[in-house]
Amino acid sequence: MKEKTQVEDIDRSLYDFRYSDDDFYKVRGGLTAEIVEEISREKNDPAWMRDFRLKSLEVYNSLDVPDWGPSIEGLDMDNIVTYVRPNMKKMATSWDDVPEDIKNTFERLGIPEAERKSLAGVGAQYDSEVVYHSIKEEMARQGVIYTDMESALHGEYADMIKEHFMKALPITEHKFVALHGAVWSGGSFVYVPKGVKLDIPLQSYFRFNAKGAGQFEHTLIIVEEGGYCHFIEGCSAPKYNVANIHAGCVELYVRKNATLRYSTIENWSKNMYNLNSKRAIVEEGGKIEWVSGSFGSHISYLYPMSVLNGEGARAEFTGVTFAGNGQNLDTGTKVLHNAKNTYSYINTRSISKDGGINTFRSSVHMTPNASGSKSAVSCESLMVDSISRSDTIPAMDVRVSDADVGHEARIGRISDDTVFYLMSRGLSEEDAKALIVRGFADNVSKELPLEYAVEMNNLITLEMKGSIG
Amino acid sequence: MADLLRISGLKASVEDKEILKGVDLTVNDGEVHVIMGPNGAGKSTLGSVIIGDPRYEITGGSVFFDGEDITGEDTDKIVKKGIFLTFQNPIEVPGITLANFIKTALEAQTGERIKMWDFKKKLEATMKVLQMNPEYADRDLNVGFSGGEKKKAEILQMLMLKPKLAILDETDSGLDVDAVHVVSKGVEEYKKNVGGALIIITHSTRILESLKVDKTHVLIDGKIVTDGDAALIDTINEEGFERYTA
C-alpha cells in the first residue's frame, strides 16, 4: 500500500576502516608444526609452552570439526595466517609510544577516552599482539595485576600462569580449543587479590586489522577470595571478502565468595568465523555474571560455561544476539551444577532480521552433588521479518532428585500496533522498530556501564537501518 | 479563521469492510469540536484514518491539514505537521521510559536535540498538573500502568508535544470521576497554553463540562448525520441517537 525503501548494506564506517600492515611480521598461511614452532620462537616461549603448542596441534589434527552447528566449510585453515605481529618493538604503557596508525584505530574506537573517564585499566590488542596495557596506580597498589599474557608468562607470575593455563578449558575439549592451544597469542591476565574489590571496570579491546588471518587471544582472570572485578571485552574488525577466524579462550577462576562480572560487546565484521570458548570455575559462595552482546561475525559458536564447583556458587548469564543478513549465530550458555545449593539464572534475547539465523542452545547439567540447586532459563526471540529464523534448543540433564529446574521460551514479532503507536508520536517506521528492538534487548543494556549501553544501542540502531520492507 | 483540518467525502475500509462512508468535517484554528455517536459508528476509525493508520485503506475523499493534502501520507509525516491522537488503549513498550520516549518524540518532531535539564523541568511541571507520580517518568512506557495512568500519560505527551490539533479518542472512558477531572484539567491546560484545536471523540460528556465547545457532530454508520453547536450535546444526552438511526 505504501512505498517502502530497502537499504541493502548499512554504514559501518565507525568500525569498518583499516590501515596497511605491509611492515608487520606474519607467518605464512596454514597450520603445520613448522609454523607453530616459528610462532613459539618468535614469541620467545618457555620450553613447556612450546611443547604445549605442539601437543595442541596434534590434538587439533586428531579432532573433527563439529557437525551439529552452522557450517564452517567456508573456513579453510590452509589460507589462514595465524600470527600477525604489528611493527613495534615492545608493548607500550603510554599511548604516545603506540605507532600512529594503531593509535588512531583505538582513538576512533574511543578506547583512550574511555580509559580516562571510566576505567581502572585498559588493554589493547592489535592483530596477534597486545600493543598497550595500563592499570591505574591505586589498583596496582592494592596488588591487582592487569597485564598482557606474554608479560605474565615471562614475569613473576609465570608459575601462576603455568598452573592455570588451559586447565579450565583443556585442549581436548574441542577442535578449536586445540587450535587455540597451538597458536594462541595476546590477551590479558588479571589477578585480583583476596578481599580486593575493584569498583570500576577493567577493559580489553581486541582489534583485528589483518586480512585472512586469525586472532587467538587468551584471557585468564583469577579473583581471589572475597574479591570483586568487572572485566569488559570489546572487539571489532574491518570487513574483508575472505574468511577471518577468531578462536580466543577465556578462563575465569572465581574463588570462595568472590564475584566476577564478565561483559562482552562483540562486533566482529561479517566475514568472521567466531569460534570462541569461555569458561568460569566458581568456588563456594562465588558468583560469575556473564553479560554478553553478540552482534557481529558471519558464523558464531559461542557458549560460555559456568562450572559451579562449590556450595552456594552462582552463575548468571544475560545475553543478546542479533543476527542480520548473512549471519548464522549459534549462541547460548552451559552451566554445570556440581555442588549443593548452587544457583543459575539464564536470561537471553535473540533478534533475527534480513534472513539472519539465530540458534539458542542452553545446557543445564546437575550432577548427583547438586542437591538443593536451582536453575531458571528464560529465552525470548524477536523476528523482525518473515524471512529470518530463530531456533531454541534447551537441554537439561538432572541427576539429583531435589533440584528445581525451569525453562521458558517465547518467540514474537514486532507488532504493527506498537509501530503505529510510536509513529503516531512522530517516529519514523525505522526509528520505531529500532526503538522496539533496543527495548527488547534492554536485559543486556541495563547491565552495562552507561557508555557501553549507549554503544550497544547505537549498534542496534545501525543494524536496524533499512529494516523497512 | 483559517481552516486547519478539512476532511471531504472521506471513505475508508478495513479488510474490504467500509467503515467511513463519506465524512465531511472542517475544523478551524483553535476550535473545539465534539464527535458523538453510538458504538461502532466509526468515531475511532476517523481519528486513526486522519493520522494515516496503515490498517485502513482510504478509498475516497481527502484530508487536508494546514492547507496540505495529507491523504495517504505516512503517520509520522502527518503527525509532525502538528496532529496528536490519544489512544483508547495505549500500547505498552518495554525498554524505554516514559520520559525518554517523550524526549525521543520531541526530537523526532522538531529535528533538534533537546537539553536534558530543560526537558526534565518541563516534564516534572506538566506531570504535576496531571497529578502524576513523578516516578512514572522513569518507568517503561505504559508498562504496568493502570488505565487511568495510561490516559494521563497520553495527555502528558499531548501537552509536551504541543500539537496544533489534538484528537482525543474516548479519553474519558473507563476513568473514575477523579481521573476524569484531572484529564479535563490537562485538556484545559492545552487550550490555555498551546491554544490548539481539539476534536473530542466521546459518548459521554463528563470531560466536556469545563470546555467551551464550538461545534458538535453526530457520526452514525460512517457518516456525519448532523452538525450543531454545544447545545446539541444536551439534546443527545436527553434523546440519545435514535432519532438519527431510523
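Scroll up a little and you will see the structure.
This structure is a prediction, so every number in the text was calculated from the model and none was measured.

Rules and cut-offs
Residues numbered from 1 in each chain as written. Chains lettered and ligands numbered in written order. Predicted model: local features only at pLDDT ≥ 70, side-chain atom pairs only at ≥ 80, totals over all residues. Heavy atoms only, no water. Helix = DSSP H or I, 4+ residues; strand = E, 2+ residues; numbered from the N terminus. Rg over C-alpha atoms; globule rule 2.2 N^0.38 Å. Buried < 20%, exposed > 50% of the residue type's maximum accessible area, 1.4 Å probe, protein only. Contact = heavy atoms within 4.5 Å. Areas by Shrake-Rupley, 256 points an atom, 1.4 Å probe, with all protein chains shown as cover. Disulfide = S-S within 2.5 Å. Expected span 1.5 Å × (residues − 1). Arc of directions from axis to C-beta. Phe/Tyr/Trp six-rings, centres within 6.5 Å; stacked < 30°, edge-to-face > 60°. Lys NZ or Arg CZ within 6 Å of the ring centre and 35° of its normal. Salt bridge = Lys/Arg side-chain N within 4 Å of Asp/Glu carboxyl O. Pairing = 2+ DSSP bridges. Core = buried A, V, L, I, M, F, W, Y, C linked by side-chain atoms within 4.5 Å. Domains from an automatic or database assignment. Axes fitted to C-alpha atoms, helices over the stretch in contact; angles between N-to-C directions. Patch = residues over 30% accessible without salt bridge, like charges linked within 9 Å, V, L, I, M, F, W, Y side chains within 5 Å. Lys, Arg positive; Asp, Glu negative; His and termini not counted. Charge placed at Lys NZ, Arg CZ, Asp CG, Glu CD. Parallel < 35°, antiparallel > 145°, perpendicular 65-115°, else oblique. Left-handed = near helix turned anticlockwise from the far one by under 90°.

### A closer look at the overall build of chain A
Working step 1: Of regular secondary structure, chain A possesses twelve helices and 25 strands.
Working step 2: Scaling as 2.2 N^0.38, a compact globule of 469 residues should have a C-alpha radius of gyration of about 23 Å, and chain A matches this with 22 Å.
Working step 3: For chain A, the residues scored as buried account for 62% of the 469 residues in total.
Working step 4: Counted over contacts in chain A with a minimum sequence separation of 6, partners at least 24 positions apart contribute 84%.
Working step 5: When the accessible surface of chain A is totalled, it reaches about 17,800 Å², and 46% of it is carbon and sulfur.

### Some details on the state of the cysteines
Any covalent bond linking the sulfur atoms of two cysteines counts as a disulfide.
Working step 1: Considering all chains together, one arrives at zero disulfides over all chains under this definition.
Working step 2: In this structure A:Cys249 is not part of a disulfide, and its nearest cysteine sulfur, from A:Cys235, lies 14 Å away.

### Details of helix α4 (residues 116–129) of chain B
Residue and element names in this part refer to chain B.
Working step 1: When the terminal C-alpha atoms of α4 are compared, their 20 Å separation across 14 residues agrees well with the 20 Å that a helix rising 1.5 Å per residue should span.
Working step 2: Restricting attention to buried positions, one finds in α4 the residues Phe119, Leu123, Thr126 and Met127. Down the axis of α4, the smallest arc covering the buried residues is 100 degrees, so these residues share one side. Looking at α4, the residues exposed on the side facing more than 90 degrees away from the buried face are Trp117, Glu124 and Lys128.
Working step 3: Tucked inside the fold, the buried residues of α4 contact α3 (98–110) and α5 (147–161).
Working step 4: Downstream of α4 by a residue or two, Gln131 has a phi angle that is positive, lying close to 50 degrees.

### Some points on the packing of aromatic side chains
For any pair of aromatic rings, the description consists of the separation of the ring centres together with the inter-plane angle of the planes.
Working step 1: For the structure on display, the rule yields 22 aromatic pairs over all chains.
Working step 2: Ring geometry for A:Phe52 and A:Phe165: centres 5.4 Å apart, planes at 70 degrees, overall edge-to-face. Taken together, the residues span a long stretch of sequence, with A:Phe52 in helix α2 (residues 47–62) and A:Phe165 in the loop between α7 (158–164) and α8 (175–183) at a distance of 113 residues.
Working step 3: Note on A:Phe52: relative accessible area 18%, which makes it buried.
Working step 4: Residue classification places A:Phe165 among the buried positions, given a relative accessible area of 2%.
Working step 5: Ring centres 4.8 Å apart and planes at 80 degrees place the aromatic pair A:Tyr421 and B:Phe87 in the edge-to-face group. Of this pair, A:Tyr421 sits in helix α9 (residues 416–423) while B:Phe87 sits in the loop between β6 (83–86) and α3, placing the two residues on different chains.
Working step 6: The class for B:Phe87 is buried, based on a relative accessible area of 11%.
Working step 7: Here the basic side chain of A:Arg349 rests over the ring of A:Phe440, its NZ or CZ set 5.7 Å away from the ring centre.
Working step 8: Positioned above the aromatic ring of B:Tyr136 is the side chain of B:Arg139, whose terminal nitrogen or guanidinium carbon lies 4.6 Å from the ring centre.

### Points about helix α4 (residues 111–118) of chain A
For an α-helix the count is 3.6 residues per turn, leaving residues at separations of three or four pointing the same way.
Working step 1: For α4(A), every residue scored as buried is listed here: A:Ile111, A:Pro112, A:Ala114, A:Glu115 and A:Ser118.
Working step 2: The secondary structure elements touched by the buried residues of α4(A) are α3 (100–108), β3 (121–126), β4 (129–135), β7 (202–207) and α12 (450–464) of chain A.

### A few points about the pattern of salt bridges
All names here are of chain A.
Working step 1: Across all of its chains, the model carries 39 salt bridges over all chains by this definition.
Working step 2: In this structure, Asp21 and Lys26 form a salt bridge, with 3.4 Å as the shortest nitrogen-oxygen distance.
Working step 3: The salt bridge partner of Arg50 is Asp51, with a shortest N-O separation of 3.3 Å.
Working step 4: Under the relative-accessibility criterion, Asp51 is labelled partly exposed at 41%.
Working step 5: Each of Arg261, Lys287, Glu289, Glu316 and Glu447 takes part in one network of salt bridges that share partners.

### Looking at the pairing of strand β19 (residues 314–323) of chain A
Residues and elements named next belong to chain A.
Working step 1: When you tally the buried positions in β19, you get eight out of ten residues, the bulk of the element.
Working step 2: Taken together, the eight bridges between strand β16 (residues 287–294) and β19 define a ladder with parallel strand orientation. Following the sheet pairing, Ser294 is matched in β19 by Thr321.
Working step 3: Here ten bridges tie β19 to strand β21 (residues 343–352), and the two strands are oriented parallel to one another. Of the residues in β21, the one forming a bridge with Arg314 is Tyr343.

### Section: the nonpolar core
Working step 1: Grouped together as the largest cluster of nonpolar side chains are 192 residues, with contacts concentrated most on A:Phe106, A:Ile245, A:Leu422 and B:Leu165.
Working step 2: Both domain 1 (25–415) and domain 2 (416–469) of chain A contribute no fewer than three residues apiece to this core.
Working step 3: For B:Leu165, the residues in contact, after removing those within four places along its chain, are B:Leu4, B:Leu5, B:Val27, B:Phe65, B:Gly82, B:Ile83, B:Phe84, B:Tyr190, B:Ala197, B:Leu198 and B:Ile199.
Working step 4: Counting 36 residues, the second-largest nonpolar core is a separate cluster that includes A:Val196, A:Ile221, A:Leu308 and A:Ala370.

### Considerations on the sheet that holds β16(A)
All names here are of chain A.
Working step 1: Pairing is mixed across the open sheet formed by ten strands, whose spatial order is β4-β3-β7-β10-β13-β16-β19-β21-β23-β25. Every other strand in the sheet has two partners, leaving β4 and β25 (404–413) as the edge strands with one partner each. Pairs of neighbouring strands in the sheet enclose a mean axial angle of 10 degrees, with direction left out of account.
Working step 2: Sheet topology note: the β3/β7 ladder contains six bridges and is parallel.

### Regarding a negative patch on the surface
Working step 1: Side chains of A:Asp22, A:Asp23, A:Glu100 and A:Asp101 sit close together on the surface and give a patch of like negative charge.
Working step 2: According to the relative accessible area criterion, A:Asp22 is exposed, its value standing at 69%.

### A word on the packing of helix α10 (residues 429–440) of chain A against α12(A)
Residue and element names in this part refer to chain A.
Working step 1: At a closest axis distance of 9 Å, the pairing of α10 and α12 adopts a crossing angle of 135 degrees. As judged from the angle between their axes, α10 and α12 are oblique. Here α10 and α12 pass one another in a crossing that is right-handed. Of the residues in α12, those touching α10 at Glu430, Lys433, Ala434, Val437 and Arg438 are Asn457, Ile460, Thr461 and Met464.

### So, the sheet that holds strand β5 (residues 68–69) of chain B
Residue and element names in this part refer to chain B.
Working step 1: What the four strands build is an open sheet, ordered β2-β1-β4-β5; its pairing is antiparallel. Both outer strands of the open sheet, β2 (17–28) and β5, are each paired with one neighbouring strand and no more.
Working step 2: Strand direction decides the pairing type here: strand β4 (residues 57–65) and β5, joined by two bridges, are antiparallel. Of the residues in β5, the one forming a bridge with Phe65 is Glu68.

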